Every structure is written in C-alpha cells, then in structure tokens.
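Residue-level structure breakdown
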Amino acid sequence: MKSFLNLRYLMLPAALLLWSGCNTLSPENEELTDEEIEIASQIIAESLSDQSGGMLSSFYDALSTVDDSGITYGSASEVSASLQQGPFNGQPPRNPGNANGRGAERNYSVVYNPETGEHTVTFTRGVQNAVVSNAQSVTNVYIYTDADGNFIEFPGEQRDLIESIAFTGLRSGEFAGPVRQSTATRTDTLFVTGLSTASTIVSLDGVHYNEGSASVTLPRAERTAERSFSNVFRMEDVRIDKAVVQENGTLEEGVTGLISYRLTMTQTKFNGETEEKDIEGVIELDGDGTALLRFGSVSNIFRIGLYSGEVE
C-alpha cells in the first residue's frame, strides 16, 4: 500500500512556516492611510477572486480531475459542480473561457509518476474581453488517494474512489481589469479531504502565496497608485458544503471559514527611496459568494465578491 503522506506536499517554504506557526494575529498594524487601506483591499481582492486567477481559481483547479484528455472541473462528489451558470452578478458566465480562461486551456500536458503518485500538469490559460484580460502559465501537481491512502492513477475514470487530494500549484502571469492591473506569481499548497460520498463537507487546509506588482485606480484621488507586494493566506477551518455547491453551481457560494493573512506592500518614491508597510488581518468566507476583509485593529470592513473581486 502506498501512502499519500508525501512530505513534499506537507512542508511549506521556511519563510511561510515561520509566520504560519503562530495562529494569533497581532492587533498592531502599522498606521495606515485611507489610500493605503484602499490599495491593500484591492490587492487582497485580486489574490482572492476567481476571475483574476486568485485563490478561488486555485480551489477549482485543486478539486478537478486530470488525465490525457484534459481537466474535468467536477470531483468525486461533483463538489466543483458545473460552470454553466447564469449572468455575471457574482456568478461565472455561461462560457467559462470568457471569464478567466478555465475550460480553454492550451498547450496542455500531463505526466504521471507511479512511484510518487504525482500527476504533473502544465498548460497556459488566458482570456481577453471587454471587461478583463488574464494570461497565465500554470504548473499543477496532484496526488489523488482513496480512503485507504492508495494512489489513484486514473482519477478521471475513478472519481468515486477519490477521498483526498494533495495539490501544489504554480501560476505566473498578468491580469488587467477595470480597477486593477498586476503581474504576479502565485503558489498554492493545499490538502483536500472529504471528497468521497461518505462526507457532506469538503475540508481544505493550506497556504496561498502571491507576489508581484500592482497598479490600482483610486477614483476619489483621480489617479493610480503602484505597489510591489507579497501576501500569504493561511486557511483556518475552510470548508465547502457539497449540497450548497450542487444547488448553486459555484464553489464561491459554498465555501466558509477563516483565512488569516499577511500583506507587505512596498512603495517606491520619486527620490528612489522605498517605504514598506506590513498588514495583518482576517478574511471571513461567508458562504454567499462574498468575504469580509478585516485589517487587524483598523475599523474598516470591506466586502469582496469572490468571483469578480469587486470591493465594497
């Protein structure tokens, strides 16, 4: 019997472990201006949203099955459901390729290693329309296991046997939307359990890391602001309700839980000097397609659309 406990998927980079080893968030954020809070909210929204290739997009990828024919966005218990859902309004449009490129992958390849259980998938994903443009180069690695911890070589044919998925993802590319433009590299380390029909809840544990540069439009200031950034999301009891997902057809409306985050923003000033701000807080996934963003001791609370990344 081969065990799914592959240390490569349970160990995170040392820099992430140093932070995630403590679950207690410091209430002491550096003093932030209203402008910095607005910029930070937009960067975090992009790191979350499905349309911009953020953490929710990683959830869809992690819950998919892969084989020589391509990617199937429906897991053992159809938890990632159909993407054929109605109008924009927080929902994926009818053609997922018009939103974020999912379902329209190009240059696709997959290699299976029977010794490690790894399915290594590479592809490019991109879309350009009147609302957004998004282009990414992707490498995902999956280890599918059954209830006894045995590797599953043919997940597309044996979806009903899948109990757990160990997933790592690396994506790099560019995104441009009405409010934000960015170039970023995103890394995910996720462990998913509860996929068999014996469970009504899927549990996700892991870390999402995003690093790059962003340009954010500030309507009130009538200008744009640029920052380089790095942020880390650490999942705290994140769950997906299978029944809710099957009813509504999207992960966004079935996911609940807390995410603790750390964001570092760096501004380069006119004289060439740099100023760095570290921000910590929590994100509450509400199970209705939105999340509440809190900045530590700062009183501002923002609501983020998990699909579109719109910020209120």
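The structure we're discussing is the one just above.
Just so it is clear, the model here is predicted, and its values are computed rather than measured. The residue count restarts for each chain, going from 1 along the sequence in the order it is written. pLDDT decides what is reported in this predicted model: residues at 70 or higher carry local features, side-chain atom pairs at 80 or more are listed and counted, and totals for whole chains, interfaces and linings draw on all residues regardless. With hydrogens and water set aside, each side-chain value is computed from the structure's full complement of heavy atoms.

1. Some remarks on the overall build of the protein
Each helix is a run of DSSP H or I of at least 4 residues and each strand a run of E of at least 2, with the numbering of both proceeding from the N terminus. If you tally the helices and strands in the protein, you get 5 helices and 13 strands. Each of the 312 residues in the protein was classed as buried or not, and the buried ones make up 52%. Here a residue-residue contact requires only that any non-hydrogen atoms of the pair lie within 4.5 Å. Sequence separation of at least 24 residues holds for 60% of the intrachain contacts in the protein that already meet a minimum separation of 6. The classification of residues rests on relative accessible area computed with a 1.4 Å probe and restricted to protein chains. Under 20% of the type maximum is buried, over 50% is exposed, and intermediate values are partly exposed.

2. Things to note about the nonpolar core
Counting residues in hydrophobic clusters, the biggest one holds 58 residues, and the most contacted among them are Ile44, Phe59 and Ile283. If one sorts the elements of this core by residue count, helix α3 (residues 34–48) sits on top with 7 residues. Sequence-distant contacts of Ile44, that is, excluding residues within four places in its chain, are made with Phe233, Tyr261, Leu263, Ile283, Leu293, Phe295 and Ile304. Nonpolar core, defined: a set of buried Ala, Val, Leu, Ile, Met, Phe, Trp, Tyr and Cys residues in which side-chain atoms within 4.5 Å join the residues together.

3. Quick notes on the pairing of strand β5 (residues 133–145)
Bridge count between strand β4 (residues 118–128) and β5: 11 bridges; the pairing is antiparallel. By the bridge assignment, Gln128 is partnered in β5 with Ser133. Paired strands are those between which DSSP finds at least two bridges. Counting the residues that bridge the hairpin from β4 to β5 gives 4 residues. Where β5 lies against strand β6 (residues 164–176), 13 bridges are found, and the strand directions are antiparallel. Opposite Ser133, over in β6, you have Ala176 as the bridge partner.

4. Comments concerning the sheet that holds strand β12 (residues 290–294)
One open sheet accounts for 11 strands, arranged β3-β4-β5-β6-β7-β8-β9-β10-β11-β12-β13; its pairing is antiparallel. With one partner strand each, in any of the chains shown, β3 (106–113) and β13 (301–305) form the two edges of the open sheet. Geometrically, the sheet is characterised by an average inter-axis angle of 15 degrees between neighbouring strands, direction not taken into account. Two strands pair when backbone bridges link them, and β6 and strand β7 (residues 180–193) are joined in this way by 13 bridges, in the antiparallel orientation. For Ala166, the partnering residue across the bridge sits in β7 and is Phe191. Every axis corresponds to a line fitted to the C-alpha atoms, with the helix fit spanning only the stretch in contact, and the corresponding angles, defined between N-to-C directions, vary from 0 to 180 degrees.

5. Observations regarding the pattern of salt bridges
By definition here, a salt bridge exists when the distance from a side-chain nitrogen of Lys or Arg to a carboxyl oxygen of Asp or Glu is within 4 Å. In the structure shown here, the tally under the stated rule is 14 salt bridges. Across the pair Arg223 and Glu35 runs a salt bridge, and its minimum N-O distance is 2.4 Å. Of this pair, Arg223 sits in strand β9 (residues 223–241) while Glu35 sits in helix α3, and the two are 188 residues apart along the sequence. Assessed through its relative accessible area of 39%, Arg223 is described here as partly exposed. Using a relative accessible area of 26% as the deciding quantity, one classes Glu35 as partly exposed.

6. Describing the environment of Ile71
Topologically, Ile71 is positioned in strand β2 (residues 70–72). A C-alpha to C-alpha distance of 9.7 Å links Ile71 and Ala104, two positions 33 residues apart in sequence. Not counting chain neighbours up to four residues away, the residues in contact with Ile71 comprise Ser64, Thr65, Val66, Glu105, Tyr108 and Phe123.

7. Some remarks on helix α4 (residues 55–62)
Of all 8 residues in α4, 8 are buried, a share of seventy percent or more. Buried residues of α4: Met55, Leu56, Ser57, Ser58, Phe59, Tyr60, Asp61 and Ala62, and no others.

8. Here's the deal with the environment of Thr124
The topology assignment puts Thr124 in strand β4. Classification of Thr124 by relative accessible area gives partly exposed; the value is 24%. Between the C-alpha atom of Thr124 and that of Glu105, which follows or precedes it by 19 residues, the distance is 5.8 Å. Once you skip the residues sitting within four places of it in the chain, Thr124 turns out to touch Glu105, Arg106, Asn107 and Gln136. The definition of a polar contact used here is a pair of N or O atoms within 3.5 Å, where within protein one atom must be able to donate a hydrogen and the other to accept one, and adjacent residues in sequence count solely through side-chain atom pairs. In this structure the side chain of Thr124 is engaged in a polar contact, spanning 3.3 Å, whose partner is the side chain of Asn107.

9. Points about the packing of aromatic side chains
When the centres of two rings from Phe, Tyr and Trp lie within 6.5 Å, Trp using its six-membered ring, the rings pair. Their planes under 30 degrees apart give stacked, over 60 give edge-to-face, and anything left gives tilted. Throughout the structure, instances matching the rule amount to 4 aromatic pairs. Centroid distance Tyr142 to Tyr144: 5.5 Å. Interplanar angle 5 degrees. Geometry classified as stacked. Each member of the pair, Tyr142 as well as Tyr144, is classed as buried. Ring geometry for Tyr142 against Phe167: centres 5.1 Å apart, planes inclined by 65 degrees, an arrangement best described as edge-to-face. Linking Tyr142 in strand β5 with Phe167 in strand β6, this pair joins segments that are 25 residues apart in sequence. Note on accessibility: Tyr142 and Phe167 belong to one class, buried.

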